[in-house]
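# Inside the fold
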Amino acid sequence: MTDFHDALRSLRVWDTELPAFEPGSAPADPLPLFHDWFVAAADAGQVEPHTMSLATVDAEGRPDVRTVMLHDADARGWHFATHATSTKGRQLAAAPHAALGFYWPVQGRQVRVRGHVTTGTPEEAYADLHARSTGALAAALVGRQSEPLDSLDALATASEAAWARARAEPGADVKTWTLYVVDPYEVEFFQGDAARRHIRLRYRRRAGGWERELLWP
């Protein structure tokens, strides 16, 4: 426990020069700003900037969170994919709202997205799956995501069979693979500041478009 506390208290954040952010010049729509920040994070060497936290709620309304990969961000919303039969897939079917969280410490930036979740077509899910790697297809073919696992040997056997099929049938379909789109009603951009004067800009969707406002850090 002492080692844990020593390590925890020794850590510092944003040990780098942070970029400037002028919220007054931000676009009227959050999507272009997200695109700009995403590219800036990648250019700055941020590891896996396309990973994001995905929060859903279970049948009792208790929050659940995990890390997933962003597959796109366009006029429809923020895209990701998973099996409809997984825990998150079942939770989204019952309560189709989600929150996303991006953290890019190399620039002291966060982006938070909250919105209603819709599903893409089977054709879109197929295209999404086959735009990815052989390993991604093999993982999807294994299936049974979130189910109890008897042993690691069982996983190895199923994975080997899935890899063999993915190589032999690169066009194989996975019926449960589903594309999800978070259609945002709120997007927040957070720019860290070394003096702790963090800038928070929140977009909220209104009938006539997007409303922008600053928040206290």
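Described below are features of the structure shown in this document.

## Describing the environment of Leu 149
Relative to the assigned elements, Leu 149 resides in the loop between helix H5 (134-142) and helix H6 (152-168). When the C-alpha positions of Leu 149 and Leu 8 are compared, they lie 33 Å apart, and in sequence the two are 141 residues distant. When residues no more than four places from it in sequence are discounted, the contact partners of Leu 149 are Ala 154 and Leu 155.

## Examining the environment of Asp 15
By secondary structure assignment, the location of Asp 15 is in the loop between helix H1 (2-10) and helix H2 (30-43). In this structure Asp 15 comes out as exposed when scored by relative accessible area, which is 77%.

## Side note on the side chain of Arg 109
The topology assignment puts Arg 109 in strand E6 (residues 109-119). No salt bridge is formed by the buried Arg 109, whose closest oppositely charged neighbour, Asp 36, lies at an N-O distance of 8.6 Å. A polar contact is formed between the side chain of Arg 109 and the side chain of Gln 191, at a distance of 2.6 Å. Other than its neighbours up to four places away in sequence, Arg 109 contacts Pro 19, Ala 20, Trp 37, Ala 40, Phe 102, Tyr 103, Trp 104, Phe 190 and Gln 191.

## As for the nonpolar core
Within the largest apolar cluster, 29 residues are counted, with the highest numbers of intra-cluster contacts made by Phe 34, Trp 78, Phe 102 and Val 111. Contributing elements (two or more residues each) for this core: H2, strand E1 (51-57), strand E4 (77-83), strand E5 (97-104), E6, strand E7 (177-191) and strand E8 (199-206). With five residues, the top contributor of residues to this core is H2. Counting residues in each nonpolar core, the second largest holds 13 residues, with Ala 125, Leu 129, Ala 140 and Ala 172 among its members.

Scoring rules and cut-offs
For every chain, the first residue of its written sequence is number 1, and the numbers climb from 1 along that sequence. Local features are withheld for residues below a pLDDT of 70 in this predicted model, meaning they are given only at 70 or higher, and side-chain atom pairs are given and counted only at 80 or more; totals for whole chains, interfaces and linings count all residues. No hydrogens and no water enter the side-chain calculation; it runs on all heavy atoms of the structure. Secondary structure is summarised from DSSP: a helix means a run of H or I of at least four residues, a strand means a run of E of at least two, and numbering begins at the N terminus for each. Whether two residues touch is decided by their heavy atoms; if any such pair falls within 4.5 Å, the residues are in contact. Think of it in three bands: residues with accessible area under 20% of the maximum for their type are buried, residues over 50% are exposed, and the middle band is partly exposed, with areas taken using a 1.4 Å probe on protein chains only. In this charge count, Lys and Arg are treated as positive and Asp and Glu as negative; neither His nor the chain ends contribute. The salt bridge criterion pairs a side-chain nitrogen of Lys or Arg with a carboxyl oxygen of Asp or Glu, the two atoms within 4 Å. Counted as a polar contact is a pair of N or O atoms within 3.5 Å, where, for protein atoms, one must be capable of donating a hydrogen and the other of accepting one, and residues adjacent in sequence contribute only when both atoms are in side chains. For the purposes of this section, nonpolar cores are sets of buried Ala, Val, Leu, Ile, Met, Phe, Trp, Tyr and Cys residues that join through side-chain atoms within 4.5 Å.

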